[in-house]
Amino acid sequence: MSDYTDYSYDTDTTTIDTSFDTYEVTTVHDPYTEAPAFEPGFDVVETDSYTYDSTDWGVVADASEAYMEDYNTLSDTSWDLYQAGVDAYLAGDEMAAYDLNSMSIEMDGYADQAWDDSNSVWESNEWTTVSTYDTADAGSWDTGSFDTSSYDAGSWDTGSFDTSSSFDTSSSFDTSYDTSSDLSDY
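Presented here is a report on the structure given in the accompanying data block. Being a predicted model, the structure only gives us computed values, none of them experimental. Residue positions are given per chain, counting from 1 as you read along its sequence in written order. A pLDDT threshold of at least 70 governs which residues receive local features in this predicted model, and a stricter bar of 80 or more applies before side-chain atom pairs are shown or counted, although totals over entire chains, interfaces and linings include all residues. Computation of side-chain values covers all heavy atoms of the structure but excludes hydrogens and water.

Here we take up the packing of helix H1 (residues 57-90) against helix H2 (residues 94-120). Two packed helices can be described by the angle between their axes and the distance between those axes. Contact geometry for H1 and H2: axes closest at 7 Å, N-to-C directions at 165°. With respect to H2, the element H1 is oriented roughly antiparallel. Considering how the two elements wind past one another, H1 and H2 form a crossing that is left-handed. Residue type decides the class: Asp, Glu, Lys and Arg count as charged, Ala, Val, Leu, Ile, Met, Phe, Trp, Tyr, Cys and Pro as nonpolar, and the leftover types, Gly among them, as polar. For the contact of H1 with H2, the class distribution of residues is 18 nonpolar, eight polar and four charged. Inter-axis angles, ranging from 0 to 180 degrees, are taken between N-to-C directions of lines fitted to C-alpha atoms, where helices are fitted over the stretch in contact. Secondary structure elements follow DSSP: runs of H or I of four or more residues count as helices, runs of E of two or more count as strands, with numbering from the N terminus. The cut-offs work like this: below 35 degrees is roughly parallel, past 145 is roughly antiparallel, 65 to 115 is roughly perpendicular, and the gaps in between are oblique. Crossing chirality is assigned from the near helix's rotation relative to the far helix, an anticlockwise turn below a right angle marking it left-handed and a clockwise turn marking it right-handed.

This part is about the packing of aromatic side chains. Two aromatic rings from Phe, Tyr or Trp, using only the six-membered ring of Trp, form a pair when their centres are within 6.5 Å; if the ring planes differ by under 30 degrees the pair is stacked, by over 60 it is edge-to-face, and anything between is tilted. Under the defined criterion, the tally for this structure stands at four aromatic pairs. With a centroid separation of 6.2 Å and an interplanar angle of 25°, the aromatic rings of Tyr50 and Tyr52 are classed as stacked. Here Tyr50 falls in the partly exposed class, since its relative accessible area comes to 43%. Taking 6.3 Å as the distance between ring centres and 5° as the angle between the ring planes, the aromatic pair formed by Trp57 and Trp122 counts as stacked. Taken together, the positions of Trp57 in helix H1 and Trp122 in the loop between H2 and strand S4 (127-135) put the pair 65 residues apart, joining distant regions of the chain. A simple rule labels every residue: compare its accessible area, found with a 1.4 Å probe on the protein chains alone, to the largest value its type can have, and call it buried under 20%, exposed over 50%, or partly exposed in between.

This paragraph deals with the pairing of S4. Relative to S4, strand S2 (residues 22-29) is paired through eight bridges, and the arrangement is antiparallel. Within S4, the position partnered with Thr27 by the bridge is Thr129. Following DSSP output, two strands are said to pair if at least two bridges run between them. Pairing analysis gives nine bridges linking strand S3 (residues 44-53) to S4, with the strands arranged antiparallel. Bridge pairing links Asp53 to Trp127 in S4.

Given below as structure tokens:
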């Protein structure tokens, strides 16, 4: 799409929706290109991903129509220049006829390009990839890399603890209450 910047597409944009520890990343990119990798600066695990054609066909139709209008204008101009060249030739002005014919051929080339552009905008122009990530938790760590051979759990001497009943659980506490208090003292 050469001259119509109004109909360009925003590519390689990424939006991130963060809630709790789940991240949804939406990336808009050109067709047949890979979506950029999500690198938040901490470990994440991709849980889901899908891609769909997100081309705005209304914008494509507008761009195609604009190119077709250019084609019609350029084609009409080419025909008018050709007719003017024929008239100049019949009037005996060969130099003007040559110049007008050259301009007619040039306008016809521009018209052909506008025709091609009008058709090419209908090719898919935009893809969106939506990927969901979760933060990597301890469950995803590789615990096989920890060396636990230096810990000797059998070296504790549990025989030195006296587990016999050395506590006096007899009723040595005075549990009698004086319920004869006079409320008039208050």
